[in-house]
2 protein chains.
Amino acid sequence: MAKRTYPLSKVYGLLEPGPVVLITTAHKGQTDIMTQSWHTMMEFDPPLVGCVISGINHSFDLLKASRECVINIPTLDIADKVVGCGNTSGRKIDKFKRFSLTPSPAALVQAPLIKECYASLECVVADTRMVNKYNFFVLEVVKAWIDPAMKNPNTLHHFGKGNFMIAGETIRLASRMK
Amino acid sequence: MAKRTYPLSKVYGLLEPGPVVLITTAHKGQTDIMTQSWHTMMEFDPPLVGCVISGINHSFDLLKASRECVINIPTLDIADKVVGCGNTSGRKIDKFKRFSLTPSPAALVQAPLIKECYASLECVVADTRMVNKYNFFVLEVVKAWIDPAMKNPNTLHHFGKGNFMIAGETIRLASRMK
C-alpha cells in the first residue's frame, strides 16, 4: 500500500476503536513483529499511546534497547499473518520472511513500517516508569502514515483465543466529543 | 438486562476489542457517568485495566475520592445515551435521570452498575502513580457481570467526532494466543 503522511492530531481516531496492531521493533540488525491489542490513547497531540509489551517477548528486549517502534494497523486481508506473528517468537524466526511481510523504511525511527498495513505510526518511548511493574510503555507518535485509498478499513478486534470481531458499519451521531 | 456473574479470567475478552464504555462513580451521595474509549487491559487475572480520566471531568473527582468505579459496556441500542453522557457534565446534571439510565447496586463497590449495559465490571483503584502526569488510573476488576442472553453485542467503537464503528461479524482463526 502506498502511504502518505497523516496529521498527528488525527491519530487518536485510528487507535480509539481498539484494533489489533502489529508492533515492529529494530535494534542492531535484528527486527521483530509483535501482535498486540493492549494499547490505549493517553493524549491527543502530540499523541501519546500506552501499551503493554510482555517481558517474555523478543520485542520487549528490542523496544527497551532501541526506545523506538512502529505501530502498524492491519486489516482482514492479512489476518493469517497477524495470527502467525502472534503465535511465533522473533527469537526463533524472522517474521518478515516467514509471513511474507514487507519492511519499508520509517522516516524518524529505525524500526520498519509494514507495507501491507494500511496505517503506520512511528513512535519513540516517552516514559518507562511503569515498565518494571506492568511492562507498560508510554509511546509518543512522532510521524504517522496512512493509505489514503483505504476508506473503511476492516480492522480486527480480538476477543481472545483466536476469536476476532471485524470492524462493521459506521454511524455518525450528533456529538461534541473530540 | 438481567446479569450474572462472569469469571474474572475472561474479562480481557470484553475490553480487548476496544468498546466505548460508560464509567460510573459514586462518592458521598453524588454519582456520575462518563463516556470513555481510552482504556487498555494490563493483566489477565486478576484483571487490571488502565484508563485515562481527564481532570476536567466530574468523574475524575469522584474516582479520586472514592477509589472505586464500574466500567459498563453499552451497545448500539443506547447509542444516543452514550453520546449524551459524553456531551454533558455531571457537575450540572444527574446523568442517570437525564438519560433515563437505571442505576443498580454493585456487590463490592459503591458506584452503581448501569442496568441497560450488557456487561459491568466493578473496579477498585490499584495504582495512582500515573494520575498526576497523565490522568491514568490502573484499576483492578474485582467483580464482573454479564447478560448471558447477549451473544453478539453491538458494541460501539469511537473514531472521533461522533463517528462510531459498530461491531461487525466475528471470525475464528487458528491461534494459540490467549
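Residues numbered from 1 in each chain as written. Chains lettered and ligands numbered in written order. Predicted model: local features only at pLDDT ≥ 70, side-chain atom pairs only at ≥ 80, totals over all residues. Heavy atoms only, no water.

### What about the interface of chain B and chain A?
Okay, so step 1: Counting from both sides, the interface comprises 51 residues of chain B and, opposite them, 51 residues of chain A.
Okay, so step 2: When the area that chain B buries against chain A is broken down by residue, the three leading residues are B:Glu16, B:Trp38 and B:Met177, summing to 15%.
Okay, so step 3: Inspection of the region where chain B meets chain A yields 29 residue pairs in polar contact (both at pLDDT 80 or more).
Okay, so step 4: When contributions to the side of chain B that touches chain A are tallied by element, the ones reaching two or more residues are helix H1 (12–15), strand S4 (39–43), strand S5 (48–52), helix H3 (79–86), helix H5 (131–134), strand S10 (136–146), strand S11 (156–160) and strand S12 (163–172) of chain B.
Okay, so step 5: Top contributing element to the side of chain B that touches chain A by residue count: S12(B), with 10 residues.
Okay, so step 6: For the side of chain B that touches chain A, the residue count by class is 25 nonpolar, 16 polar and 10 charged.
Okay, so step 7: Note that strand S12 (residues 163–172) of chain A and S12(B) share 7 bridges and pair antiparallel. (Contact = heavy atoms within 4.5 Å. Buried area = accessible area lost by both parts, 1.4 Å probe. Polar contact = N/O pair within 3.5 Å; in protein donor to acceptor, adjacent residues only side chain to side chain. Helix = DSSP H or I, 4+ residues; strand = E, 2+ residues; numbered from the N terminus. Nonpolar A, V, L, I, M, F, W, Y, C, P; charged D, E, K, R; others polar. Pairing = 2+ DSSP bridges.)

### Some details on the sheet that holds S12(B)
Okay, so step 1: Across the sheet, which stays open at both edges, the 4 strands sit in the order S11(A)-S12(A)-S12(B)-S11(B) with antiparallel pairing between neighbours. The open sheet has two free edges, formed respectively by strand S11 (156–160) of chain A together with S11 of chain B, since each of these has just one partner strand. Here the strands of the sheet are splayed against their neighbours by 40 degrees on average, with no regard to which way each runs.
Okay, so step 2: Examined bridge by bridge, S11(B) and S12(B) share 4 bridges and lie antiparallel to one another. Pairing of B:Gly160 across the sheet is with B:Asn163, part of S12(B). (Axes fitted to C-alpha atoms, helices over the stretch in contact; angles between N-to-C directions.)

### Structural notes on the packing of aromatic side chains
Centre distance and the angle of the planes are the two values used to describe a pair of aromatic rings.
Okay, so step 1: Applying the stated criterion across every chain, the model contains 7 aromatic pairs over all chains.
Okay, so step 2: Residues A:Phe60 and A:Phe137 carry aromatic rings whose centres are separated by 5.7 Å and whose planes lie at 65 degrees to one another, so their mutual orientation is edge-to-face. Remark: A:Phe137 occurs in strand S10 (residues 136–146) and A:Phe60 occurs in helix H2 (residues 58–66); sequence separation between them is 77 residues.
Okay, so step 3: By way of ring pairs, the aromatic residues A:Tyr12, A:Phe44 and B:Trp38 are connected into one cluster.
Okay, so step 4: Its end group placed over the ring of A:Phe44, A:Lys178 keeps NZ or CZ at 4.2 Å from the ring centre. (Phe/Tyr/Trp six-rings, centres within 6.5 Å; stacked < 30°, edge-to-face > 60°. Lys NZ or Arg CZ within 6 Å of the ring centre and 35° of its normal.)

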